[in-house]
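Residue-level structural notes
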Amino acid sequence: EQLQYAGDTRIQALVSLFMTGDHRLMKNAIEQIDSSRTPEGATYSRAPSALQQYIPPFCLWWIGMVRDYCWYVDDPAFVRQMLPGVRAVLGWYESFLKDDGLLGTMPWWNYVDWVPKWPNGRPPSEVGTMPGTIQLQLVLALQWAGELEAAVGDAQFAGRFKMQAVRLARVVRERFWSAEKKMFSEDLAHTHFSQHANVLAVLADVAEGGAQKDLMQRVEADKALYQCTVYFRYYLDRAMVKAGLVV
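Residues numbered from 1 in each chain as written. Predicted model: local features only at pLDDT ≥ 70, side-chain atom pairs only at ≥ 80, totals over all residues. Heavy atoms only, no water.

**Quick look at the packing of helix H5 (residues 132-152) against helix H7 (residues 195-203)**
Put simply, the test is: For helices, the axis comes from a line fit to the C-alpha atoms of the stretch in contact; other axes are also lines fit to C-alpha atoms, and the angle between any two N-to-C directions lies between 0 and 180 degrees. In this description a helix means any DSSP run of H or I spanning at least four residues, a strand means any run of E spanning at least two, and both kinds are numbered starting from the N terminus. The cut-offs work like this: below 35 degrees is roughly parallel, past 145 is roughly antiparallel, 65 to 115 is roughly perpendicular, and the gaps in between are oblique. Rotating anticlockwise by less than a right angle from the far helix to the near helix defines a left-handed crossing, while the corresponding clockwise rotation defines a right-handed one. Contacts were defined at the residue level, with two residues in contact if any of their heavy atoms lie within 4.5 Å. All residues other than Ala, Val, Leu, Ile, Met, Phe, Trp, Tyr, Cys, Pro, Asp, Glu, Lys and Arg, Gly among them, are scored as polar; the first ten of these are nonpolar and the last four charged.
Between H5 and H7, the shortest axis-to-axis distance is 9 Å and the interhelical angle comes to 20°. Accordingly, the angle class assigned to the pair H5 and H7 is roughly parallel. The interaxial crossing formed by H5 with H7 has left-handed handedness. Across the interface between the two elements, Thr-133, Leu-136, Gln-137, Leu-140 and Gln-143 from H5 touch His-196, Ala-197, Leu-200, Ala-201 and Leu-203 from H7. When its residues are assigned to classes, the contact of H5 with H7 shows 6 nonpolar, 4 polar and no charged.

**Focus: the environment of Gly-128**
Tracing the sequence through the fold places Gly-128 in the loop between helix H4 (76-94) and H5. Distance from Gly-128 to Leu-102, taken between C-alpha atoms, is 9.9 Å for residues 26 residues apart in sequence. What Gly-128 contacts, discounting residues up to four positions off in sequence, is Lys-98, Leu-103, Gly-104 and Thr-105.

**Some thoughts on the nonpolar core**
Here is a general trend for soluble globular proteins: nonpolar side chains tend to be buried in one another's company. What counts, and what does not: Put simply, a nonpolar core is a bunch of buried Ala, Val, Leu, Ile, Met, Phe, Trp, Tyr and Cys residues held in one set by side-chain atoms that sit within 4.5 Å of each other. Throughout, exposure labels follow a simple rule: accessible area from a 1.4 Å probe, protein chains only, divided by the maximum for the residue type, with under 20% read as buried, over 50% as exposed, and the rest as partly exposed.
Core analysis: the largest hydrophobic core is formed by 83 residues, its most contacted members being Ile-30, Trp-62, Ile-63, Leu-90, Leu-200, Val-206 and Met-216. Broken down by element, the residue count for this core peaks at 11 residues, all from H5. When sequence neighbours within four positions are dropped, the list of residues in contact with Leu-200 reads Trp-61, Thr-133, Leu-136, Gln-137, Leu-140, Phe-232 and Tyr-235.

**Description of the packing of aromatic side chains**
Filter applied, for reference: In this scheme Phe, Tyr and Trp rings, the latter by its six-membered ring, pair at centre separations within 6.5 Å, and the angle between planes marks the pair as stacked below 30 degrees, edge-to-face above 60, and tilted otherwise.
Summed over the entire model, instances satisfying the criterion amount to 21 aromatic pairs. The interplanar angle of 65° and the centroid separation of 5.5 Å between the aromatic rings of Trp-118 and Tyr-226 together place this pair among those described as edge-to-face. You can see Trp-118 sitting in the loop between H4 and H5 and its partner Tyr-226 sitting in the loop between helix H8 (211-221) and helix H9 (233-242), a full 108 residues away along the chain. Assessed through its relative accessible area of 3%, Trp-118 is described here as buried. Look at Tyr-226 and you get buried, because its relative accessible area is 17%. Where Tyr-231 meets Phe-232, the ring centres are 5.9 Å apart and the plane angle is 85°; that geometry is what we call edge-to-face. When sorted by exposure, Tyr-231 lands in the same class as Phe-232, which is buried.

Here it is as structure tokens:
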């Protein structure tokens, strides 16, 4: 992706790091995206860029990039410099949480994946509530932030983010799990089902323990689900590994 969109760049940075062992491009990408931050805490969808374009879920993937860098590169000082940005993103997201604990309507382009039947790449959901995949992506970002703070940051922030992740995971499990279909849905009415939501439910441990393997077997086999494109298959592959279905 020549425009260095955060969602694409997270995956490309991991590939580059694995293939070459050179972390400099990864570090530069994290810095460029961080430098695009607006006063309310969001980053541009891509950076550097002369065009102000915002994809809120890509702010969360940027947190994933910082977490990846922390885990694979011995550079705690740099990771520590990024923590104010991580806190800013999550503080901005927190402002959209509703009284029921779920993310309400968010501004700008809430792209997830180029699924053919999703308008502009956004999963379907009720008006006023974000799709299950985006709710689960926030759970993941909170978990990553808690890990980062525990590793190189502030213990109080670590506890706060971990608690927020547990709380949101519980609400998502209660509201988006369909007992009839035995899968997580994108909408509260349980009429739209995707690989994406279930993949992230496994990665975030919202689908727990032994249930992960059974869930991923059905997710991989059910072609009636909205399917991951090549971009999101990275997360599908990671969930298959976590569920113990592939090495």
